[in-house]
Amino acid sequence: MAMIETRNLTKHYGDEQAVQGIDLTVEEGSIHGFVGPNGAGKSTTMGMLVGNITPTVGEATIGGEPAGTHAARERIGFAPQDPVFYDSMTADQYLKYIGTVAGVEGSVAERVDELLEWLSLADATNQPIGGYSGGMKRRLNLAQAMINDPDLLILDEPTAELDPQGRSAIIDALQRLTEEGKTVFVSSHILAELEQFIETVTVINDGQLLMTGPLEEVWESVETAYIVESTDDDRLGELLATHEAVSRTEPADDGGLTVWTDDPEAFATALPAVAGDAGLGLYSIERAGGLEEAFLEMIDEGGA
Ligand SMILES: Nc1ncnc2c1ncn2[C@@H]1O[C@H](COP(=O)(O)OP(=O)(O)OP(=O)(O)O)[C@@H](O)[C@H]1O
């Protein structure tokens, strides 16, 4: 069942077409990446899903309920990109306040303790938030989004400006959430990081949808590149350059040969055969780049 569904979702600010006719579906229990460069329209789209921004045209539903209605809002936990905390409050005080406002069922204190423990903030519980590190504030932002045990978490760049340790703590928390059956919709422009844990992805640029679907489809939508290391890369490059399974070849920046193909299966068979016939040995072959390259290529092709 779809947790998020949008049809022709559109937002104009005067002449600024921030989001233009986005159609997307996010299945329940999945972890979905929402990717686009600065100003692409990610925050505006998230605002419309949460119900904080009214679409100019089109609609969004959350678990079948129209976005912005009470029934939709109570299923969502939202962590904005730039949360505003009360610096003089402690995490404990802040979360109890949020929990009371959100009408947490049962004991607010118990829920807050659970979240502080879960997000490794228990030691800092009684320190004022003003003294927290960036990583602690991001985790607190996630905790406030989770206060009501929502089915869907909408997170706007939850790992922005974090060091690798801080990022991995957040990614770890997100993975545990999907294991519990939650749906996570997470925006970022750190693509190399997103691709480690998302299952499906939506790519937007200039307010327009470039693709939405399984991560593998991003791979399939662009040419695949491999870095091959052999006993004679120059010779291998000459031989492969004319092969029908190969689009082009180029010496790789850090040694070896980069080979682009739009038919990876045919290339996998051709490579050892071509090398073998020429008496060349193969040391290694690995896939080059990642979602980052695929994404940049997609944006270029989109004419941005
Ligand atoms: N309240 C507003 N009034 C006018 N224009 C706006 C408003 N909010 C956003 N925009 C414009 O809409 C476009 C999309 O902005 P949005 O913040 O949704 O992008 P984003 O993908 O979240 O960017 P970033 O990664 O920088 O946060 C931008 O051109 C932005 O300047």
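The rules we used
- Residues numbered from 1 in each chain as written.
- Predicted model: local features only at pLDDT ≥ 70, side-chain atom pairs only at ≥ 80, totals over all residues.
- UniProt positions renumbered as here; feature names shortened; annotations may be inferred.
- Helix = DSSP H or I, 4+ residues; strand = E, 2+ residues; numbered from the N terminus.
- Buried ≥ 20, exposed ≤ 12 C-beta atoms within 10 Å, placed from the backbone.
- Contact = placed C-beta atoms within 7 Å.
- Near = placed C-beta within 6 Å.
- Core = buried A, V, L, I, M, F, W, Y, C linked by C-beta atoms within 7 Å.

By the naming in an unreviewed UniProt entry, the chain is ABC transporter ATP-binding protein, taken from Halonotius terrestris. Recorded under Sequence similarities (unreviewed entry), the UniProt text for the chain is reproduced unchanged: "Belongs to the ABC transporter superfamily."

Student: When you look at the overall build of the chain in this model, what are you seeing that I'm missing?
Tutor: What the chain contains, in helices and strands, is eleven helices and 14 strands. Seen along its three principal axes, the alpha-carbon backbone of the chain occupies a region of about 75 × 45 × 35 Å. Split into buried and exposed, the 304 residues of the chain put 37% on the buried side. Summarising the internal contacts of the chain: among those between residues at least 6 apart in sequence, 68% fall at separations of at least 24.

Student: I'm lost on the environment of V186 in this one. Help?
Tutor: By the secondary structure assignment, V186 is in strand 8 (residues 183-188). Look past the residues within four positions of V186 in its chain and what remains in contact with it is G33, F34, L155, P158 and L174.

Student: Just checking my understanding: could you explain the site of the ligand for this structure?
Tutor: Near the ligand you find Y13, E16, A18, G36, N38, G39, A40, G41, K42, S43, T44 and H189, and these make up its full shell. Elements with a contribution of two residues or more to the shell around the ligand: strand 2 (16-27) and helix 1 (42-50). If one sorts the elements of the shell around the ligand by residue count, helix 1 sits on top with three residues.

Student: I tried to follow the nonpolar core on my own but got confused; where do I start?
Tutor: In summary, soluble globular proteins display a tendency toward joint burial of nonpolar side chains. Membership of the largest hydrophobic core comes to 61 residues, with the highest contact counts inside it found for L49, A143 and I154. If we ignore the near neighbours within four places in the chain, the residues touching L49 are I4, A60, I62, A67 and I154. Counting residues in each nonpolar core, the second largest holds eleven residues, with Y226, L236, F267 and L271 among its members.

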